[in-house]
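Here is how the chains run, residue by residue.
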Amino acid sequence: MAKSLPYFILCICLVGFSFGGLLVVFAPIVKNVFGSRFYNRNYGLIFIGYGIGAFVGPKISASFYDSTGFYVVGYLAPPSCCRRCCAGVRRQKADYRHAERKSIS
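Here goes a summary of the coordinates provided. (Residues numbered from 1 in each chain as written. Predicted model: local features only at pLDDT ≥ 70, side-chain atom pairs only at ≥ 80, totals over all residues. Heavy atoms only, no water.)

### A look at the overall build of the protein
Tallying secondary structure elements over the protein gives 3 helices and 0 strands in all. N-terminal to C-terminal, the α/β element order of the protein is α-α-α. For 105 residues, the compact-globule estimate of 2.2 N^0.38 gives 13 Å, and the protein exceeds it by more than 25% at 19 Å. Counting across all 105 residues of the protein, residues that qualify as buried make up 6%. (Helix = DSSP H or I, 4+ residues; strand = E, 2+ residues; numbered from the N terminus. Rg over C-alpha atoms; globule rule 2.2 N^0.38 Å. Buried < 20%, exposed > 50% of the residue type's maximum accessible area, 1.4 Å probe, protein only.)

So this is what it looks like as structure tokens:
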């Protein structure tokens, strides 16, 4: 909790720098993970997901808090979802590469 105006401004600046740094890093990560063939579509989808998450995330976190009375569930659920999404991306990439090798041979 910010008890003074300078501390509050410092916290707001740190949040702003974090968002700016994250958005700068999204572009090369999307290109490295998904390739450059459909880069513009993939980056657009990632950005849309970022916007939806910014809108829906606080609502989901509030519902977790309302149902349990603790913020712990709100901090444990997102890493679990991220692990599942990363596993899905890896599986899709492996299936795509396998299908690509079949079409070549």
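### With respect to the state of the cysteines
Under the counting rule described, the total for this entry stands at 0 disulfides. You can see Cys-85 has no disulfide; the closest cysteine sulfur is in Cys-82, sitting 6.5 Å from it. (Disulfide = S-S within 2.5 Å.)

### Focus on helix H2 (residues 39-68)
In this model, H2 (30 residues) spans 41 Å end to end at C-alpha, consistent with the 44 Å of a helix rising 1.5 Å per residue. The largest bend along H2 reaches roughly 35 degrees and is located at Val-56, with the proline Pro-58 sitting one to four residues downstream. Once H2 ends, the next one or two residues include Gly-69, with phi positive near 85 degrees. (Expected span 1.5 Å × (residues − 1). Bend = angle between axes of the 7 residues up to and from the residue.)

### Some remarks on the packing of aromatic side chains
For the structure on display, the rule yields 5 aromatic pairs. When the ring of Tyr-43 is compared with that of Phe-47, the centres are 5.9 Å apart and the planes differ by 45 degrees; the resulting orientation is tilted. Of the two residues, Tyr-43 and Phe-47 both sit in helix H2, 4 residues apart, roughly one turn of that helix. The side chain of Lys-31 reaches across the aromatic face of Tyr-39, ending 6.0 Å from its centre. Here the basic side chain of Lys-59 rests over the ring of Phe-55, its NZ or CZ set 4.8 Å away from the ring centre. (Phe/Tyr/Trp six-rings, centres within 6.5 Å; stacked < 30°, edge-to-face > 60°. Lys NZ or Arg CZ within 6 Å of the ring centre and 35° of its normal.)

### Comments concerning the packing of helix H1 (residues 5-34) against H2
With their axes 10 Å apart at the nearest point, H1 and H2 run at an angle of 140 degrees to one another. As the angle between them shows, H1 and H2 are arranged oblique. Handedness of the crossing formed by H1 with H2: right-handed. Contacts between H1 and H2 pair Phe-19, Leu-22, Leu-23, Phe-26, Ala-27, Val-30, Lys-31 and Phe-34 from the former with Tyr-39, Asn-42, Tyr-43, Ile-46, Phe-47 and Tyr-50 from the latter. Looking at side-chain class alone, the contact of H1 with H2 contains 12 nonpolar, 1 polar and 1 charged residues. (Axes fitted to C-alpha atoms, helices over the stretch in contact; angles between N-to-C directions. Parallel < 35°, antiparallel > 145°, perpendicular 65-115°, else oblique. Left-handed = near helix turned anticlockwise from the far one by under 90°. Contact = heavy atoms within 4.5 Å. Nonpolar A, V, L, I, M, F, W, Y, C, P; charged D, E, K, R; others polar.)

### Regarding the environment of Gly-53
Tracing the sequence through the fold places Gly-53 in helix H2. Classification of Gly-53 as partly exposed rests on a relative accessible area of 39%. Along the backbone, Gly-53 and Ala-94 are 41 residues apart, and their C-alpha atoms lie at a distance of 27 Å.

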